[in-house]
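# Architecture and fold: a report
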Amino acid sequence: MARMELRNVRKSYGSVEVLRDIDLDIDDGEFIVLVGPSGCGKSTLLRMIAGLEPISGGDFLIDGERMNDVRPRDRDIAMVFQSYALYPHMDVARNMGFSMEIRGAPAEERARRVAEAARTLGLDTLLQRLPKELSGGQRQRVAMGRAIIRDPRAFLFDEPLSNLDAALRVEMRLEIARLHQRLGTTMIYVTHDQVEALTLADRIVVLDGGDIQQVGSPLDLYERPANRFVARFIGSPTMNVVPATGAAGGVRLADGARIALPHLGDAGNAVELGIRPEHIDVVGAGAGDLEATAELVEHLGSDTNVYAQVDGLGPMMVRVHGNIAARAGDRLGLKIQARNAHVFAADGTALRRAERSA
Amino acid sequence: MTTRSSPLLSAARYLALALYLGFALFPLYWLLKIALTPDQLIYTEGTRMLPTLTTLENFRTVVFQTPFLSYFRNSLVVSLGTAAVTTLIAAGAGYAFSRFRFRGKKLIIGLMLVTQMFPLLMIIAPIYKMVAALGMLNSLTSLIIVYTAFNIPFATFLMQSFFDGIPRDLEEAAMMDGCTRFQALRKVVFPLTLPGLGATLGFVFTAAWSELLFALMLINSNETMTFPVGLLTFVSKFSVDWGQMMAAGVLALIPSCIFFIFIQRYLVQGLTSGAVKG
Ligand SMILES: Nc1ncnc2c1ncn2[C@@H]1O[C@H](COP(=O)(O)OP(=O)(O)OP(=O)(O)O)[C@@H](O)[C@H]1O
Ligand SMILES: [Mg+2]
């Protein structure tokens, strides 16, 4: 059980500043997911929490106790590495029990806990094998087993599923969700995968350029992104962003179309309009806000993706629920769901809604 | 590589291997042949592949009537001492080079490379003066020190490359599991470095075992003579006694062979496989 606080935490390598002024409170038992583009410092932040990387500035506290100079072994945190980092010369049982072995736990207690964890993870029959005799998925499970056996006060995961194939990923994702439900331990999880982030997280932390861009629940980030970066980073397919000019009660687009945005108090300093593909409706030509030509239509069964070329505006992607009859080359009208539209100022920040749409 | 290849190709491969082996092993065969040939036949039979008569007389003479055993023991002491001390120091230095960033690292690596650039002949005189000034001429310790000094750079780079091959994640995982850095080193890194330690030990041992130049300069007394120097005594004493010299050579191969048989299981690569993904 652990409450974590990061206060103005900084990290630099020599003169290169990788992270600056990270402020974050993590509640006991919370599942936090760190996302951000490659190289933004997710692993670095995780490793500072683990104690594997010195903190260049600021304070890191667990349960109110300053941890900056505490060794990894004394932080009581378990970590699952992307590479799994199994000890190649030890069999599965010893790999899993190693933390207890180091702490001098009696052999029979160790064996009991290992057997228990192995049963949960379906590793019972593999206990005598060496890591090199396991499949990728089995190695991943051993790495998880090694972490859970200790009953630590927090778990850290650095892209734990990224080396698995799609089916196994889904399975292990559910496994981790179940684990969190069962143990209720604080977890911090780094991933590149949108679905993992949106499904697992209590709160998502979006990192970019060494800063936290936004912290919020998955729905929060999806519905109320704080800025253009978060808006485009969260959600798949990516949000369409087109140039726009603020006008009274709405915005004017480059093709001359006027979009009324009554839910925005003042869109005066807007320079861009953002709209997610799923928030655009396809209507008959001439009946919508925008006129477009379908360039490519993908039928996914449950959804239809339309890659459209909008007259005077450029490409936009539209996702329609269910099947529609559109084909490449068709002329379409596009209707923007104004209450789901986002508007960004010149510095990229999103203009807040005047009233929340429930 | 494909497992199936044309029989012609694999025949050619075996032929090439056989040729190479023949080339590499022939001198050893010749050594053994002359050692087993009775003295009076060495010249008369010349280049016959198999001697008409064989004898162990040469070996008997070498072992019982020359100070060979003493040379042998001295060489063993020097080589084992050098191998142990060098490997210990090289392992520490190699680990530091592999894992830590510290001031002066580049400079130290540069200096170590520089020491490898000079022909040994150039520095023999200064080394002699230093050892003489310390009053350590004719001592095995001086040889161990000198050999250690000369082998450390290469051995360090060798060890560093072995440490580089062990993923850092493993140590970090061990530290997360509750190890101190030293425990992680002992319980995780050390067992995985055994092949590296074996290779380094073997390399340094052989280098020290066959070193002649410094041994010749620094050792004069018969009591502390090492084997390669001792071998030269066969030239003067018995007006090049080929048979005994070769017999001594054959005996000198034994420790090297034993040593490599002993460490070869640690030389088998792939100990770290399975550590990371797959
Ligand atoms: N030892 C180091 N020395 C200098 N710079 C480093 C070092 N380690 C990491 N960095 C830099 O710090 C930045 C953050 O690295 P980090 O590994 O945390 O990124 P990440 O967000 O985990 O990326 P990815 O998603 O690709 O794993 C990178 O720009 C990287 O170049
Ligand atoms: Mg990373």
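A quick note: this is a predicted structure, and the numbers were derived from the prediction, not measured.

### Some thoughts on the UniProt feature "domain: ABC transporter" (unreviewed entry) in chain A
Under the local residue numbering, the UniProt record ascribes the feature "domain: ABC transporter" (unreviewed entry) to residues 4-234 of chain A. Secondary structure within residues 4-234 of chain A divides into 37% helix and 26% strand; the distance between the first and last C-alpha atoms comes to 25 Å.

### Considering the pairing of strand β12 (residues 250-253) of chain A
Residues and elements named next belong to chain A. Here strand β11 (residues 240-247) pairs with β12 via four bridges, running antiparallel. Paired with Ala-244 across the strands is Leu-253, a residue of β12. Sheet analysis places β12 next to strand β13 (residues 258-260), joined by three bridges and oriented antiparallel. Looking across to β13, one finds that Arg-252 is bridged to Arg-258. Taking the residues between adjacent antiparallel strands as the criterion, β12 and β13 are bridged by four residues, where Gly-256 takes a positive phi near 100°.

### A short note on the pattern of salt bridges
Residue and element names in this part refer to chain A. Counted under the stated rule, the structure contains 34 salt bridges over all chains. Arg-3 is paired through a salt bridge with Glu-5; the nearest N and O atoms lie 3.8 Å apart. Judged by relative accessible area, Arg-3 falls into the partly exposed class, the value being 30%. Residue classification places Glu-5 among the buried residues on the basis of a relative accessible area of 12%. Among the ionic pairs, Arg-3 bridges to Asp-27, the shortest N-O distance being 3.0 Å.

### Observations concerning the domain arrangement of chain B
Put simply, an interface is often sized by how much accessible area is lost when its parts join up. Residues and elements named next belong to chain B. Domain boundaries assigned for chain B yield domain 1 (7-55) and domain 2 (67-272). Taken over C-alpha atoms, the centre of domain 1 sits 31 Å from the centre of domain 2. Of the residues lining the interface, eight residues belong to domain 1; the matching set on domain 2 comes to eight residues. Summing both partners gives a buried area of about 630 Å² for domain 1 against domain 2, and 77% of it is carried by carbon and sulfur. For the domain 1 face of the interface with domain 2, the top three residues by lost area are Leu-31, Ile-34 and Ala-35, together amounting to 56%. Along the contact surface separating domain 1 from domain 2 lie zero salt bridges. The interface formed by domain 1 and domain 2 holds zero residue pairs in polar contact (both at pLDDT 80 or more) in total. Mapped onto the side of domain 1 that touches domain 2, the elements with two or more residues apiece are α1 (7-36) and α2 (39-45). No other element matches α1, which puts five residues into the side of domain 1 that touches domain 2. Class assignment of the residues belonging to the side of domain 1 that touches domain 2 gives a composition of seven nonpolar, no polar and one charged.

### Notes on the packing of aromatic side chains
Within this structure, the stated rule accounts for 18 aromatic pairs over all chains. An aromatic cluster of at least three residues, connected via ring pairs, comprises Phe-68, Phe-72, Phe-205, Trp-209 and Phe-227 of chain B. Its guanidinium or amino end placed over the ring of Tyr-87 of chain A, Arg-146 of chain A lies 4.7 Å from that ring's centre, counting from NZ or CZ. Against the face of Tyr-222 of chain A rests Arg-276 of chain A, its NZ or CZ located 4.3 Å from the ring centre.

The rules behind these values
- Residues numbered from 1 in each chain as written.
- Chains lettered and ligands numbered in written order.
- Predicted model: local features only at pLDDT ≥ 70, side-chain atom pairs only at ≥ 80, totals over all residues.
- Heavy atoms only, no water.
- UniProt positions renumbered as here; feature names shortened; annotations may be inferred.
- Helix = DSSP H or I, 4+ residues; strand = E, 2+ residues; numbered from the N terminus.
- Pairing = 2+ DSSP bridges.
- Salt bridge = Lys/Arg side-chain N within 4 Å of Asp/Glu carboxyl O.
- Buried < 20%, exposed > 50% of the residue type's maximum accessible area, 1.4 Å probe, protein only.
- Domains from an automatic or database assignment.
- Contact = heavy atoms within 4.5 Å.
- Buried area = accessible area lost by both parts, 1.4 Å probe.
- Polar contact = N/O pair within 3.5 Å; in protein donor to acceptor, adjacent residues only side chain to side chain.
- Nonpolar A, V, L, I, M, F, W, Y, C, P; charged D, E, K, R; others polar.
- Phe/Tyr/Trp six-rings, centres within 6.5 Å; stacked < 30°, edge-to-face > 60°.
- Lys NZ or Arg CZ within 6 Å of the ring centre and 35° of its normal.

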